Amino acid sequence: MRRSSNVSAATITPPWAVGIDAALQRLATTTDGLPEDEARRRLADAGPPPRLRRAGALGIFLRQFKSPLVLILVFAAAVSILTRDWLDAAIVLLIVLASAVLSFQQEYRAGRAVERLLARIAPSASVLRDGRQVAVPPGDLVAGDVLVLSAGSLIAADARVIDADDFFVTQAVLTGETFPVEKQPAPVDAEASLAERTNVVFKGTNVRSGTARAVVFATGGATEYGAIADRLALRAPETEFERGIRHFGQLLTQLMTLLVLGIFAVNVAYDRPVTESLMFAVALAVGLAPELLPAVISLTLARGAQRMAAGGVIVRRLAAIENFGAMDVLCTDKTGTLTAGVVRLDRACNAQGEPSTRVQDFAAINAALQTGLPNALDAAIGAASPGLDLARWDKTEEIPYDFVRKRLSVAVRRHAHPGGENLLITKGALEPVLATCARVHGEDGALRPERHAALIEQAARWGDQGYRVLGVATRNIESRPQYTAADEADMRFEGYLLFFDPPKDDAATAIRDLAALGVDLKVITGDSRRVALHVASMVGLPVEGVLTGADLHAMREEALWQHAERTTVFAEVDPNQKERIIQALRRTGHVVGYLGDGINDAPALHAADVGISVDSAVDVAKETADLVLLQHSLTVLREGIEEGRRVFANTMKYVYTTTSANFGNMLSMAALSLVIPFLPLLPKQILLNNFLSDLPAMALAGDRVDPETVGRPRRWDVARIRNFMLVFGGISSVFDLLTFAVLLLVIRAAPPEFRTAWFVESLLTELSILLVVRTQRPLLGSRPSIALTLSTALVALAAVALPYLPLARTIFDFVPLPPALLAVVLLITLLYTAASEAAKHRFFRSSGA
């Protein structure tokens, strides 16, 4: 971060709200700039450049282990080491380490966003020192320096305009305005938004045309640009996905603590050895942890990222995919998203408001023959007039544009006219053009005041629709060598030129698609209120409420929380206000996405649950974003949102399956340990059971997802997971106890036979619950993926076959099961499947899923 230099914090009135003399006096400088010695003194007083505090690689890596879920798994591995289950400990630690490395890689790479932002500075700045124009490094600028600006200058500090000549600045990256903005010295209101500060140039913007001098009042971190860098240096707020993982980890921690205390107390009450009882209780509680969850999440996210990349969405942070699916509010700028992001000539109209090729031809001649600096409006006129034959016209003179007249005229001679025809064609801002007119083409009589007012009113109505309106006038003149601005008189008003940033062809369809997916679209723009509303109406976006930057400035945070939900269009806002809007929406429980491509969007991208940018965006926006679209289109988002919801659905399948099965097994083991004198399963049998059941669980990453599952936003619901765990874990324990009763009371199985039968039943029921809970439809009404089907079938066959294989009997101490006992186990599994299927429909109906 660069050193900052700015006006005194004690200053009440900002520099843009005072006159030039007062601004210069406050900054202790003159229009000739600072003396060189004084500039060096001020630079020394500002001190060395403050260093940006950023966590190093080790700090970022260690931060990956802060999640309660990761800590639980590390604890589980420690318990496995104490009980000498080396393989289980190694597997869990490897999963945790791989997940941490993947997250570290993403976060470390994203941390370079700040460096990109700070690196985007001009190679030098032209300033006045001792009355002479010199070039200095931008880092050596101080408050009081006078910048000398001209077309092409990249502005290196925030500065107050002293004088200007036809001075236009492109500041879309900071304010979102489509058109270059004219800057003039006149003071503006102290509460003016960035877009309304027409006498201030901002660091990071550039000069489109004209010349100016401006006195610096803020540099480095004190600039509007630098404030964005400061915001990006802060750690991003916790996203919905991170919050869900944290709450889930807390739930597991609470349950594990209760289980350890409860099981330990019961075993001690039965006079079991204290140390043995404690280790048994801890081992059972640790079994609740879904040890493969980090791997399943990483795998589902990675596969989702590959599919999204094929659809034109590049994923920079894997966790953002699930946030994308959970998103229920999408905030976006209008320029380049709802609109094409380019200026176009919509139509040329005569004075009566009717389309006119005559007016367009005159405008095209003026635009093609003028020799001033190229500008977007003339380019739009030329693009709309490809068939214009300039060979019929000779340019004889030009009256250049200036910021006082706000119009440009060319004198031309038309060959085809008998004897030649000399015309003066004037184009420019409407009111200055009308001021030169004495009549209206096609109308009799002089231009009277009431007709003049009506012409202005017509243009105002177009302005309210988002158009920028210019005027065109002509006059027959005598041929002579030179013309001046005095010749722009007694002219005929020909008509209007209407420019706009057109809506994208797919914008209306995309908005309907997003609404169908349960995503509300909100427009946040630095452009004017009327332009934003007009764009919203053109693309069919229903507008519930409108807030401007001035409204936000006067609004407390609590009030904004209430208004943000009910507002569709936020206009005339600055970058910090964009961030406030995002935070207010998140504060009221929404999962918020933000789509932006400019420097001014970086804080909002940083604050959102999911930041979205485009390939053509400035580097800072792309580096700050979680997702980058290869096309600047809302249509691409729909497929990305659906993919995010598929990823989340498959993650939740594993969570539901594993937590309910693990919880049920723990309850069963705890109950059984009180009535039998032997281990229900040997440690190596438990490891084999876990390994085999994990194979189809890993296949969930690529499982099919029912269409209705992606129809609305989904998010982590820890209360629902807890209830699911209790209901289905309880059902699992009931059928485990039924199995125990059959084995102990009916068959009176010996320990090897008991362990073999329960191994088969436990594995089969875990496979069946996976197939049951993977869909909210009836079990046979949703087809699983081929990989899941095959892996489940193979593991089920292995479960039944293992007791009869000699090698398995030798290694795992299985014994062959009598056919009648195997039939009973299969029957119990079928009954468990039927009971779980019935409970599933009742559970999801009652939970509103």
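The coordinates are above.
Because the structure is a prediction, the values reported are computed rather than measured.

Novice: Report on the pattern of salt bridges, specifying residues and quantitative values.
Specialist: For the coordinates displayed, the defined rule picks out 35 salt bridges. In this structure, the salt-bridge partner of Arg129 is Glu36, at a minimum N-O distance of 3.2 Å. Taken as a pair, Arg129 in strand 2 (residues 125-129) and Glu36 in helix 2 (residues 36-45) lie far apart in primary sequence, 93 residues in all. Judged by relative accessible area, which is 4%, Arg129 ranks as buried. A residue is classified by how much of its surface remains accessible, and Glu36, at 25% relative accessible area, is partly exposed. Asp328 serves as the salt-bridge partner of Arg715, at 3.8 Å between the closest nitrogen and oxygen. One end of the pair, Arg715, is in the loop between helix 25 (683-699) and helix 26 (718-746); the other, Asp328, is in the loop between helix 12 (320-326) and strand 10 (329-332), with 387 residues separating them in the sequence. Owing to a relative accessible area of 33%, Arg715 belongs among the partly exposed residues under this scheme.

Novice: Which residues make up the pairing of strand 16 (residues 468-476), and what values go with them?
Specialist: Taken together, the seven bridges between strand 14 (residues 421-429) and strand 16 define a ladder with antiparallel strand orientation. Bridging from a neighbouring strand, Leu424 pairs with Arg475 of strand 16. Of the pairings in the sheet, the one linking strand 16 to strand 17 (residues 491-500) comprises seven bridges and is antiparallel in character. In the sheet register, Gly471 faces strand 17, and the bridge partner there is Tyr496.

Novice: Describe in detail the pairing of strand 8 (residues 206-219), supporting the description with residues and values.
Specialist: With ten of 14 residues buried, strand 8 lies mostly within the body of the structure. Here strand 4 (residues 146-150) runs beside strand 8; their pairing, made up of five bridges, is antiparallel. Bridge assignment links Leu149 to a residue of strand 8, and that residue is Ala212. Bridging between strand 5 (residues 158-170) and strand 8 involves ten bridges; their strand directions are antiparallel. The residue of strand 8 that forms the bridge with Asp165 is Thr211.

Novice: So, the sheet that holds strand 10: which residues are in play, and what are the values?
Specialist: Strands belonging to one sheet form pairs held by backbone hydrogen bonds; the direction of such a pair is parallel or antiparallel. Pairing is mixed across the open sheet formed by eight strands, whose spatial order is 9-23-22-21-10-18-20-19. Lying at the two open borders of the sheet, with one neighbouring strand each, are strand 9 (313-315) and strand 19 (546-548). Each adjacent strand pair in this sheet contributes to an overall mean axis angle of 20 degrees, direction not counted. The strands that helix 18 (residues 529-538) touches are strand 19 and strand 20 (569-571); relative to strand 20, the one it contacts most, it runs at about 150 degrees.

Novice: Which residues make up the packing of aromatic side chains, and what values go with them?
Specialist: Applying the stated criterion across every chain yields a total of 17 aromatic pairs. Relative to Phe728, the ring of Phe724 lies with its centre 4.2 Å away and its plane at 20 degrees, an arrangement referred to as stacked. Remark: Phe728 and Phe724 occur in helix 26; sequence separation between them is four residues, near one turn of the helix. Here Phe724 and Phe728 have matching classes, each one buried. Among the aromatic residues, those joined into a ring-pair cluster are Tyr656, Phe724, Phe728, Phe843 and Phe844. One residue, Arg347, lies across the ring of Tyr467, its end atom 5.3 Å from the ring centre. It is Arg587 that lies over the ring of Trp561; its NZ or CZ is 4.2 Å from the centre.

Novice: If you had to explain the nonpolar core to someone new, which residues and values would you point to?
Specialist: Membership of the largest hydrophobic core comes to 73 residues, with the highest contact counts inside it found for Phe324, Leu330, Ile612, Leu627, Leu634 and Trp716. With twelve residues, helix 24 (residues 634-672) is the largest single contributor of residues to this core. Sequence-distant contacts of Leu627, that is, excluding residues within four places in its chain, are made with Met308, Val313, Ile314, Val315, Ala320, Phe324, Val610, Gly611, Ile612 and Ser613. By size, the runner-up hydrophobic cluster in this structure holds 28 residues, among which are Trp758, Leu767, Ala799 and Leu821.

Novice: Talk me through helix 28 (residues 786-801); I want residue IDs and the actual numbers.
Specialist: Helix length check: helix 28 (16 residues) gives 22 Å between terminal C-alpha atoms against 22 Å at 1.5 Å per residue, within 8%. Of all the positions in helix 28, only Leu788, Ser791, Thr792, Val795 and Ala799 are classed as buried. All buried residues of helix 28 project into a common sector of 100 degrees when viewed along the axis, lining one side. Exposed residues on helix 28 whose side chains face more than 90 degrees from its buried face are Ile786, Leu790, Leu794 and Leu797.

Novice: Give a description of unusual backbone geometry that names residues and reports values.
Specialist: Even without a glycine there, the phi angle at Glu572 is positive, about 60 degrees. Note that Glu572 resides in the loop between strand 20 and helix 21 (575-587). Backbone geometry places Arg748, a non-glycine residue, at a positive phi of 55 degrees. Examined against the element boundaries, Arg748 turns out to sit in the loop between helix 26 and helix 27 (751-773). Judged by its relative accessible area of 65%, Arg748 is exposed.

Rules used throughout
Residues numbered from 1 in each chain as written. Predicted model: local features only at pLDDT ≥ 70, side-chain atom pairs only at ≥ 80, totals over all residues. Heavy atoms only, no water. Salt bridge = Lys/Arg side-chain N within 4 Å of Asp/Glu carboxyl O. Helix = DSSP H or I, 4+ residues; strand = E, 2+ residues; numbered from the N terminus. Buried < 20%, exposed > 50% of the residue type's maximum accessible area, 1.4 Å probe, protein only. Pairing = 2+ DSSP bridges. Axes fitted to C-alpha atoms, helices over the stretch in contact; angles between N-to-C directions. Contact = heavy atoms within 4.5 Å. Phe/Tyr/Trp six-rings, centres within 6.5 Å; stacked < 30°, edge-to-face > 60°. Lys NZ or Arg CZ within 6 Å of the ring centre and 35° of its normal. Core = buried A, V, L, I, M, F, W, Y, C linked by side-chain atoms within 4.5 Å. Expected span 1.5 Å × (residues − 1). Arc of directions from axis to C-beta.

In short, geometric facts, not functional conclusions.
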